[in-house]
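What follows is the residue order along each chain.
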Amino acid sequence: GHSLLVTRVVSRVRAAFGIELPLRALFEAPTVAGLAVRVEAGSREALPPLVAVARNGSAPLSYAQERLWLLDQLELVGAAYNIPGAVRLRGALDVAALAGALTEIVRRHEALRTRFEVRDGAGVQVIDAPWAVRLVAEVVDEGSVRDRVGSLAGRVFDLSSDRVFRAELLQVGPEDHVLVVVMHHIVSDGWSMGVLIREVGALYGAFVAGRPSPLPDLPVQYADYAVWQRGWLTGAVLERQLGYWTERLSGAPAALDLPTDRVRPAVQSYRGARRQVSVPVSVVSGLEALARREGATLYMVLLAAFQVVLGRWSGQEDVVVGSPIAGRTRSETEGLVGFFVNMLALRTDLSGDPTFAGLLGRVREAALGAYAHQDVPFEKLVEVLNPVRDMSRSPLFQVLLVLQNTPAKVMQLSGLELSLADGDHQTAETDLKLTLTETASGLTGYVEYATDLFDAATVDRLLGHFGTLLEGIAADAGRRLSALPLMDAEEGAALAILSQGPRVSYPSVCLHDLVSAQAGRTPEAVAVVFEDIQLTYGELEARSNQLAHHLRGLGVGPEVVAGLCVERSLELVVGLLGILKAGGAYLPLDPGYPLERLEYMLRDAGAGVLVMQDRLRALLPSGARLVALDADRAEIERYPTEVLASGVLPENLAYVIYTSGSTGKPKGVGGRHTSVTNRVAVQGRIAPYSETDVCCQKGSVGFVDSLFEILTPLAFGRRLVVASEAAAGDIGALLSLVERDRITRLVTVPSLALAMIDDPEAARRLEGITGWILSGEAMSADLGQRLSEALPSCRFINLYGSTEVAADATVYRLVGGEDRVIPIGRPLSNMEAYVLDARLLPLPVGVAGELYIGGAGLARGYLGRPGLTAERFVPSPFGAGERLYRTGDLARWRADGNL
């Protein structure tokens, strides 16, 4: 009885952990033995015997074969499921003996001479008669070996007509050969490669010595297994197994949304590449000690760590990773070549910020439950769970973790020195597959990744984070997940530098002071143009000063809000400057807004004075003191033209601009003079003006961008053309305005820019534009490319920001040739941009998190809403007394240093 139990435990350990375990190990590794007994206890199904069945011309597909066959029918996978192997053979090679060994293996294993046909609408196995393997050495030079191996490995199989086992021999020199063997995964797996290596070694040695095959005949074949699997895994047996999985995976996320370098294609292409990875033995020793303490295995520790990294990268706390399992639970299958490997979906809950040791307990229980219910084919599970089909990714999980914890079998051929030969690997079954192997020097392996999604540098960063995390776990597994590092000190320091915009000085003055200073330098130059009328800098200064004196008499001063509701005209600029020069804060009110919204904004902001045009009087709410810039012109002109000493300071309120209200009631954002002064000063660095530049103001006065549109050109002494209502709302009229007034600078949303250049004739009319600022919308790579092609001499600048950060916080100059979404760039001067997690910890390059903005451009907060201000403007963890604005937007750093 004990003997039988031990035998079954060994079988279960082999199946569950993919290892060859001698009986002696049961007494030397009680942890693994105990786990195996638990796995055995969880799987009590009485299995029918696995016996040979009569061949009737064809056999059914196993569940695993059926999935690969269906993918092949869709012609999606190409060579992704080829299993190649290449061995360098140095010495006197007996080619006939080697060919004879391979021929005997083909005879022994029906799987290697199986084709797959369609009969009655279903796939079936058709087993061909034995055939001879012929090896004709192809002479190649040393430099082309790798490419040739890669080429042979990448040849696609036609499963209905091709032989699914190929062997090619390359000759590099008289006693230097490379044997390349390629099988399709539908008839083979990793274990099968070990069977193949063992049998080639035994047969070659015998044939070289003139002896017959020493290998006994196989009791069953893979087709017998397929019939057996289809026969017993039905009814109540299947229901019990499926019950565990349906409960375990209920509500699991449909996908692991890792940040990718490119947009996921609609259909998975299976194009891939590999990057190498290693973990030093000093770290592995610590991980193994942890596993022993917690009654787990090294695989469970690695799985938990890998899921932590994936969770941090994706921002998800519910992570499912695929785990291949040998699937050879019957002793009769251990010597067969065939596709037995099954996939387990290992789901882990990362929530609650547990310690790593605590998380390992969760992973341990999940893994043991999965091992105890491993008999359900992955394909059957997908069929029952019926997830939403998505041709762009594999179902249930998109990331795999594999641990090879036995020494790789090396082929031994009599009289030959053997070594592995490598070839370029260019396929990927899933988004990511991490394969590790235990060696005397630690863990070595590789990540296979989808090149449609990831750059090599991104995969290297992920591997680096995995390595850093493992070091932290080995040092102290009692730390909470949030305290375990992903970045090393060097990466953290580089990220801190990246998050800071250039530190430069800017004028410590109020906004209107910048315009007044320019008026003093160039009083005769044209400042503002509207249709056929214009104001010089001197005239603008005089009129705005007179308005300031008039408003001061009505009580407008520092920290006092005054409304401005005018149609697009010269009065728009005069009114704005007049309010600021009186010391007040400017509240823009779009005449097109409904009366109820205008009433709400005036009341909420506490604006007692409203600067307007007389023709709008009937459209405006009552209650505020009205100042009509046209009807009251004579009265206003009685005031002095000199600058008013208002006492306003750079830290005083400059504007109150209301949000759109799309997520509730509009909120008034209060911004300081110094915030906008920094933004105006920055313009000279990100897109310097030329002496002949003419700027256009066409944005809605209800948005903070209009403040920047108006004040920046005037602060730099340029001509500002105010677009009429017609030109602001019609592309044809705007193009005419650009031509008539020789405008060289535009500020628009990207979609309007695209509409303007879409017509070749329209693009010709825009040839004078040398600078175009884009903001307010995300930009696709296609749009950026089309803009660059339409106006190659124009400098396109992509800005990101909001009312809460004085219009703009980051900048990116379009360079053309982008193959992904156009970034929002880097922080502007004296600004900061951080990508943080829920605990306000910096996230590494490539990992998405919430974008926080800090620096000189921050607004004071939301007018009259201290609670909301405290919620959105939070204390900075990076500087005492500083604040960060929570944008609510998701962002990530690109490898090139752009957001």
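The structure presented is a predicted model; accordingly, all values stated were derived computationally and were not measured.

Asks: Help me understand the overall build of the chain, please; the structure alone is not making it clear to me.
Replies: Secondary structure assignment for the chain yields 28 helices and 34 strands. Each principal axis of the C-alpha atoms in the chain carries an extent, and together these give about 120 × 55 × 50 Å. Split into buried and exposed, the 899 residues of the chain put 57% on the buried side. Across the chain, the fraction of contacts at a sequence separation of at least 24, relative to all contacts at a separation of at least 6, is 74%. With the model as given, the accessible surface of the chain reaches about 35800 Å², and the carbon-plus-sulfur share is 53%. Computed over 86 positive and 104 negative side-chain charges, the separation of the two mean positions in the chain equals 3 Å.

Asks: Hey, could you run me through unusual backbone geometry in this one?
Replies: Positive phi outside glycine occurs at D120, with the angle close to 55 degrees. The topology assignment puts D120 in the loop between strand 3 (114-119) and strand 4 (122-127). The exposure class of D120 is exposed, given its relative accessible area of 84%. The phi dihedral of A806 is positive, around 55 degrees, even though this residue is not glycine. Take A806: its relative accessible area is 3%, and that puts it in the buried class.

Asks: Explanation requested: the sheet that holds strand 33 (residues 873-875) in the structure shown.
Replies: Each strand in a sheet pairs with another by means of backbone hydrogen bonds, the pair being arranged parallel or else antiparallel. One open sheet accounts for four strands, arranged 30-31-34-33; its pairing is antiparallel. Strand pairing shows two members of the sheet lacking a second neighbour, strand 30 (831-836) and strand 33, which therefore form its edges. Taking the axes of each pair of neighbouring strands and ignoring which way they run, one obtains an average angle of 40 degrees across the sheet. Of the strand pairs in this sheet, strand 30 and strand 31 (residues 849-855) are connected by six bridges, and their pairing is antiparallel.

Asks: In this structure, what is going on with the packing of aromatic side chains? I would like to understand it.
Replies: Any aromatic ring pair is given by two values, namely how distant the centres are and how the planes are angled relative to each other. Counted according to the given criterion, the structure contains 15 aromatic pairs. Here the aromatic rings of Y222 and Y225 are separated by 5.5 Å at their centres, their planes lie at 45 degrees, and the arrangement is tilted. Of the two residues, Y222 and Y225 are both situated in helix 8 (residues 222-232); the distance of three residues between them amounts to about one turn of the helix. Of the two residues examined, Y222 and Y225, each falls in the buried class.

Asks: Mind showing me how you'd approach the confidence of the model for the chain here?
Replies: Close reading of the predicted structure is inappropriate where its pLDDT is low. Per-chain confidence: the chain averages 89 in pLDDT, with 93% of residues scoring 70 or above. Of all the helices and strands in the chain, helix 2 (residues 25-28) carries the lowest mean pLDDT, 37, while helix 17 (residues 537-553) carries the highest, 98. Note on residues 1-8: pLDDT under 50 across the span, and three contacts to partners over four residues away in sequence or across chains. In the predicted structure, residues 14-30 sits below a pLDDT of 50 and forms 37 contacts with residues beyond four places in sequence or in another chain.

Asks: Sorry, what's going on with helix 18 (residues 570-581) here?
Replies: Every α-helix winds through 3.6 residues per turn, so residues three or four apart in the chain are directed the same way. For helix 18, with 12 residues, the first-to-last C-alpha span of 17 Å sits near the 16 Å given by 1.5 Å per residue. Of all the 12 residues making up helix 18, 12 are buried; the element is thus mostly covered by neighbouring parts of the structure. Those residues of helix 18 that sit buried are L570, E571, L572, V573, V574, G575, L576, L577, G578, I579, L580 and K581. Remark: G583 follows helix 18 within two positions and exhibits a positive phi of approximately 95 degrees.

Asks: Would you take a moment to explain the environment of A132 for this structure?
Replies: Among the secondary structure elements, A132 is positioned in the loop between strand 4 and strand 5 (138-139). On the basis of relative accessible area, A132 is assigned to the partly exposed category, the value being 35%. Each C-alpha atom, one on A132 and one on A92, is 22 Å from the other, the two residues being 40 residues apart in sequence. Once you skip the residues sitting within four places of it in the chain, A132 turns out to touch T103 and R163.

Asks: How should the state of the cysteines be read in this particular structure?
Replies: Working definition of a disulfide: a covalent bond connecting the sulfur atoms of two cysteines. The full count for this structure, using the stated rule, is zero disulfides. Free cysteine C794: the closest other cysteine sulfur is in C695, separated by 12 Å. On the accessibility criterion, C794 (9% relative accessible area) is buried.

Asks: I'm lost on the nonpolar core in this one. Help?
Replies: If you look at soluble globular proteins, the nonpolar side chains tend to sit buried side by side. Formed by 231 residues in total, the largest nonpolar core has its most connected members in F165, L302, F356, Y655 and L714. For this core, the element with the most residues is helix 11 (residues 298-314), which contributes 13 residues. Counting residues in each nonpolar core, the second largest holds 31 residues, with M756, A762, L774 and M779 among its members.

Asks: Help me understand the pattern of salt bridges in this model?
Replies: Opposite charge on two side chains permits pairing when their charged atoms draw close. The full count for this structure, using the stated rule, is 45 salt bridges. One salt bridge in this structure joins R55 and E110, with 2.8 Å as the shortest N-O distance. Pair noted here: R55 is in the loop between helix 3 (30-41) and strand 1 (59-60) and E110 is in the loop between helix 5 (95-108) and strand 3, with a separation of 55 residues, a long-range link. Given a relative accessible area of 34%, R55 falls into the partly exposed group. The exposure class of E110 is buried, given its relative accessible area of 14%. Across the pair E142 and R88 runs a salt bridge, and its minimum N-O distance is 2.6 Å. With E142 in the loop between strand 5 and helix 6 (145-153) and R88 in strand 2 (residues 82-90), the pair connects residues that are 54 residues apart, well separated along the chain. One salt-bridge network, held together by shared partners, links R115, E117, R119 and D128.

Conventions used here
Residues numbered from 1 in each chain as written. Predicted model: local features only at pLDDT ≥ 70, side-chain atom pairs only at ≥ 80, totals over all residues. Heavy atoms only, no water. Helix = DSSP H or I, 4+ residues; strand = E, 2+ residues; numbered from the N terminus. Buried < 20%, exposed > 50% of the residue type's maximum accessible area, 1.4 Å probe, protein only. Contact = heavy atoms within 4.5 Å. Areas by Shrake-Rupley, 256 points an atom, 1.4 Å probe, with all protein chains shown as cover. Lys, Arg positive; Asp, Glu negative; His and termini not counted. Charge placed at Lys NZ, Arg CZ, Asp CG, Glu CD. Pairing = 2+ DSSP bridges. Axes fitted to C-alpha atoms, helices over the stretch in contact; angles between N-to-C directions. Phe/Tyr/Trp six-rings, centres within 6.5 Å; stacked < 30°, edge-to-face > 60°. pLDDT = per-residue confidence, 0-100. Expected span 1.5 Å × (residues − 1). Disulfide = S-S within 2.5 Å. Core = buried A, V, L, I, M, F, W, Y, C linked by side-chain atoms within 4.5 Å. Salt bridge = Lys/Arg side-chain N within 4 Å of Asp/Glu carboxyl O.

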